[in-house]
Amino acid sequence: YATTAISNLAMALYEKDPVNYYRSIDMMKSCIKSDLNLFGKYHPDTAKTFLNIGGLYSKIGEYDKAIEYLDKCLNIATNIYDEHHQLVSTACSNLGGIYFKKNDLVMAERFLKRCIRIDKLLYDEHHPNLGVSKFNLAKLFIASGNFNKAKSNLLDAREIFWMNFGSDHPHTQMASEKLKELNDR
């Protein structure tokens, strides 16, 4: 599965040299063409390449392009798997984050809640992915002024992080700091 390796290499290239992001995008677009030719539209590698290129567009602030590619990933993932798959959850999480950056809180909430529903089915209630999803939803609730829901999600996230990583981990501390900010309001 060389195209997955090349797609991952393109992300690493971007991390090393973000100024030349267009090289990474060109590499990923070549991977998409290869994936479509080799596997067809509905293949996990094709979906992952769309996920990677959507992530790269998000990193460079081209959110509409990111949404375009992440939607393609989500479409493929829900067609080859069912709704309850890690790739579907990841695409939903990424889409929620992008809509949050675009200040479209309704769409962001929709995707983040979908991600949490999937995570609850995939993992136990204390899995770190669920903690991250709840933390992200809490940030959205803070932005929308729904502080009670934000606090509830932050408490859940902090507990999950503490159980998995301890009190000194950056995730635990970040959730604790957000809770303190909420309590200081």
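Above: the structure in question.
Position numbers for residues count from 1 along each chain, tracking the sequence in the order it is written. Totals for whole chains, interfaces and linings use all residues, but because this is a predicted model, local features are given only for residues with pLDDT of at least 70 and pairs of side-chain atoms are given and counted only at 80 or more. To obtain the side-chain values, all non-hydrogen atoms of the structure were used and water was disregarded.

## A few points about the overall build of the protein chain
For the record, the criterion: Counting from the N terminus, the helices are DSSP H or I runs at least four residues long and the strands are E runs at least two residues long. Taken over C-alpha atoms, the radius of gyration is set against a globule rule of 2.2 Å times the number of residues to the power 0.38. Per-residue accessibility takes into account occlusion by the displayed protein chains alone, with areas from the Shrake-Rupley method and a 1.4 Å probe. Only four residue types enter the tally: Lys and Arg on the positive side, Asp and Glu on the negative side; His and the chain ends are excluded. A charge is said to be at NZ when it belongs to Lys, at CZ for Arg, at CG for Asp and at CD for Glu.
Of regular secondary structure, the protein chain possesses nine helices and zero strands. What you see in the protein chain, going N to C, is helices and strands ordered as α-α-α-α-α-α-α-α-α. Whereas a compact globule of 185 residues would reach a radius of gyration of roughly 16 Å, the protein chain reaches 17 Å, a difference of no more than 12%. About 9700 Å² of surface is accessible on the protein chain, with carbon and sulfur atoms providing 52% of the total. Within the protein chain, one finds 24 positive and 22 negative side-chain charges whose respective centroids are separated by 4 Å.

## Describing helix H2 (residues 21–39)
The criterion, for reference: Multiplying one less than the number of residues by 1.5 Å gives the expected span of a helix. To sort residues, take the accessible area from a 1.4 Å probe on protein chains only and compare it with the maximum for the residue type: under 20% means buried, over 50% means exposed, and anything in between is partly exposed. Each direction from the helix axis to a C-beta atom contributes to the arc, which is the arc of those directions.
The terminal C-alpha atoms of H2 lie 26 Å apart, and with 19 residues this matches the ideal 27 Å at 1.5 Å per residue to within 8%. Along H2, the residues classified as buried are Ser24, Ile25, Met28, Cys31, Ile32 and Asp35. In a view along the axis of H2, the buried residues occupy a sector of 115 degrees, so they form one face of it. Residues of H2 that are exposed and angled more than 90 degrees away from the buried face: Lys33 and Asn37. Following H2 by one or two positions, glycine 40 has its phi on the positive side, about 90 degrees.

## With respect to helix H9 (residues 170–183)
Spelled out, the test is: Note on contacts: a residue pair qualifies if any of its non-hydrogen atoms lie within 4.5 Å across the two residues.
Between its first and last C-alpha atoms H9 spans 20 Å; for 14 residues at 1.5 Å apiece the expected length is 20 Å, and the two agree. Those residues of H9 that sit buried are Thr172, Ala175, Leu179 and Leu182. Summarising the axial view, the buried residues of H9 lie within an arc of 85 degrees, below the 170-degree limit, and thus occupy one face. Across from the buried face of H9, at angles greater than 90 degrees, the exposed residues are Pro170 and Lys180. In this structure, the buried residues of H9 make contact with helix H7 (128–143) and helix H8 (147–165).

As far as function goes, none of this settles anything; it's purely spatial.
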